[in-house]
Amino acid sequence: MTTPSRTPEPDRPARIERAPGDYRLTHLQALEAESIHIFREVAAELERPALMFSGGKDSIVMLRVAEKAFWPARIPFPVLHVDTGLNFPEVIAFRDRRVEELKVALIVASVPDAIERGLVRPEPNGSRNRIQTPVLLEAIETHRFTALFGGARRDEEKARAKERVFSFRDEFGQWDPKNQRPELWNLYNGRIHVGESIRVFPLSNWTELDVWHYIGAEELEVPELYLARERSVFERDGMLYAANEFCRPKDGETVFDERVRYRTMGDANLTAAVRSHADTIDRIIEEIAVTRLTERGATRGDDRVSEAAMEDRKKEGYF
């Protein structure tokens with residue numbers, strides 16, 4: 001089950017409402033306009049872009065903005081998903097349905113397939129975050145992508161806070177945080193040599209609250225896991241994990257029913273839920289407005305490996 005979506009108008013996609021005769025942009029409209037500009041810049045500068053789409057809230061918003069950036073034409077690049085094999089089934093179903101609605105090409109880079117081929121080996125802690133990197137880099141090389149759009153935001157995590165909108169990656173896919181290109185006056189440098197690429201973050205200046213306001217304004221469909229429901233969970237390391245095929249309680253961990261929702265969509269074995277009564281988009285907005293802990297800090301077990309876990313993965317080539 002997912003949230004209901006608005007029936008699109010036949011001549012253009014739904015848009016944020018503006019009062020007649022008022023040409024001033026609201027905060028949300030300004031963010032949308034900046035993101036549309038970034039999409040169009042990449043389409044003009046770089047030959048083979050792709051959009052990373054996982055079915056999470058940020059990629060949902062990013063896909064919507066891309067739709068508006070090139071309307072009435074279709075989105076002129078494929079959608080890429082690095083599938084760890086540990087995703088929530090509801091999110092995969094949502095991904096497939098949304099891609100079909102927009103008639104865009106979907107490329108799936110499979111981590112389980114890479115494990116079977118010997119490209120990567122599973123880690124003992126069960127996390128597949130680090131072994132996503134070789135799979136992503138292989139997909140970039142195979143399809144010769146020169147740019148990848150990602151839904152990362154600067155408010156999420158400190159490594160992302162210091163990364164540029166156009167994030168240069170060398171021929172090995174690596175990021176050097178001490179050698180980033182300047183971005184003065186929203187001018188973006190997309191020049192690359194053969195084998196190099198750019199990671200592009202159109203939502204860099206958005207916050208989690210902005211994302212939910214946009215979802216509400218556009219009446220976008222989201223996976224039902226984002227909404228508070230009674231779910232079977234157990235507590236581990238101070239976080240609530242759903243009891244499912246990917247994550248089973250250990251000895252001494254008791255399964256109980258709790259009203260929870262998910263703030264982020266990661267692997268089902270390492271993404272925790274939060275106690276919540278926010279069962280509508282409006283209530284989620286109210287909840288996020290008073291929250292002081294980022295969604296990754298609150299719910300992502302894989303980011304607790306070390307304080308520099310995200311930055312270390314990015315240096316290796318992770319998104």
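Asks: Would you take a moment to explain the nonpolar core for this structure?
Replies: The tendency in soluble globular proteins is for nonpolar side chains to be buried as a group. Judged by nonpolar contacts, the single largest core of 58 residues is most densely connected at Phe-39, Leu-51, Val-61 and Trp-212. Listed by contribution, the elements that provide at least two residues to this core are helix H1 (27–45), helix H2 (57–70), helix H3 (89–102), strand E4 (147–149), strand E6 (197–200), helix H7 (208–218), strand E8 (239–242) and helix H8 (281–289). Looking at which element gives the most residues to this core, the answer is H2, with eight residues. With residues up to four places along the chain from it excluded, the contact list for Leu-51 reads Phe-39, Met-62, Leu-63, Ala-66, Phe-77, Pro-78, Val-79, Leu-80 and Phe-149. Counting residues in hydrophobic clusters, the runner-up holds 16 residues, among them Leu-80, Val-111, Val-120 and Leu-136.

Asks: Would you mind showing me how to read the packing of aromatic side chains here?
Replies: The way to describe two aromatic rings as a pair is by their centre distance and the angle between their planes. This model, assessed by the stated rule, comprises nine aromatic pairs. Centre to centre, the rings of Phe-70 and Phe-77 are 5.8 Å apart; their planes meet at 85°, and the pair counts as edge-to-face.

Asks: Quick question: what am I supposed to make of the packing of H2 against H3 here?
Replies: In a packed pair of helices, the relevant descriptors are the angle between the two axes and the axis-to-axis distance. Here H2 crosses H3 at 5°, and the two axes come no closer than 12 Å. Considering their axes alone, H2 and H3 lie roughly parallel with respect to each other. Seen from H2, the contacting residues are Ile-60, Leu-63 and Glu-67; seen from H3, they are Phe-94, Arg-98 and Leu-102. Tallied by class, residues from the contact of H2 with H3 come to four nonpolar, no polar and two charged.

Asks: Help me understand empty space enclosed by the protein, please; the structure alone is not making it clear to me.
Replies: In this approach the atoms are scanned with a rolling probe the size of a water molecule, which exposes any empty space left behind. In this structure the tally under the stated criterion is three cavities of 30 Å³ or more. For the second largest cavity, the calculated volume is near 50 Å³. Lining of the second largest cavity is provided by Arg-164, Phe-166, Ser-167, Phe-168, Trp-175, Asp-176, Asn-179, Gln-180 and Arg-181.

Asks: Can you help me understand a nonpolar patch on the surface in this one?
Replies: On the surface, Leu-184, Trp-185 and Leu-187 cluster together to form a nonpolar patch covering roughly 430 Å² of accessible area. Among the structural elements, Trp-185 can be located in the loop between strand E5 (166–169) and E6. The class of Trp-185 is exposed, set by a relative accessible area of 74%.

Calculation rules
Residues numbered from 1 in each chain as written. Predicted model: local features only at pLDDT ≥ 70, side-chain atom pairs only at ≥ 80, totals over all residues. Heavy atoms only, no water. Core = buried A, V, L, I, M, F, W, Y, C linked by side-chain atoms within 4.5 Å. Buried < 20%, exposed > 50% of the residue type's maximum accessible area, 1.4 Å probe, protein only. Helix = DSSP H or I, 4+ residues; strand = E, 2+ residues; numbered from the N terminus. Contact = heavy atoms within 4.5 Å. Phe/Tyr/Trp six-rings, centres within 6.5 Å; stacked < 30°, edge-to-face > 60°. Axes fitted to C-alpha atoms, helices over the stretch in contact; angles between N-to-C directions. Parallel < 35°, antiparallel > 145°, perpendicular 65-115°, else oblique. Nonpolar A, V, L, I, M, F, W, Y, C, P; charged D, E, K, R; others polar. 1 Å grid on protein atoms, 1.4 Å probe; cavity = no way out; pocket = protein on both sides within 12 Å on 5 of 7 lines; lining within 4 Å. Points joined across faces, edges and corners; volume = space filled by probe spheres on them. Patch = residues over 30% accessible without salt bridge, like charges linked within 9 Å, V, L, I, M, F, W, Y side chains within 5 Å. Areas by Shrake-Rupley, 256 points an atom, 1.4 Å probe, with all protein chains shown as cover. Salt bridge = Lys/Arg side-chain N within 4 Å of Asp/Glu carboxyl O.

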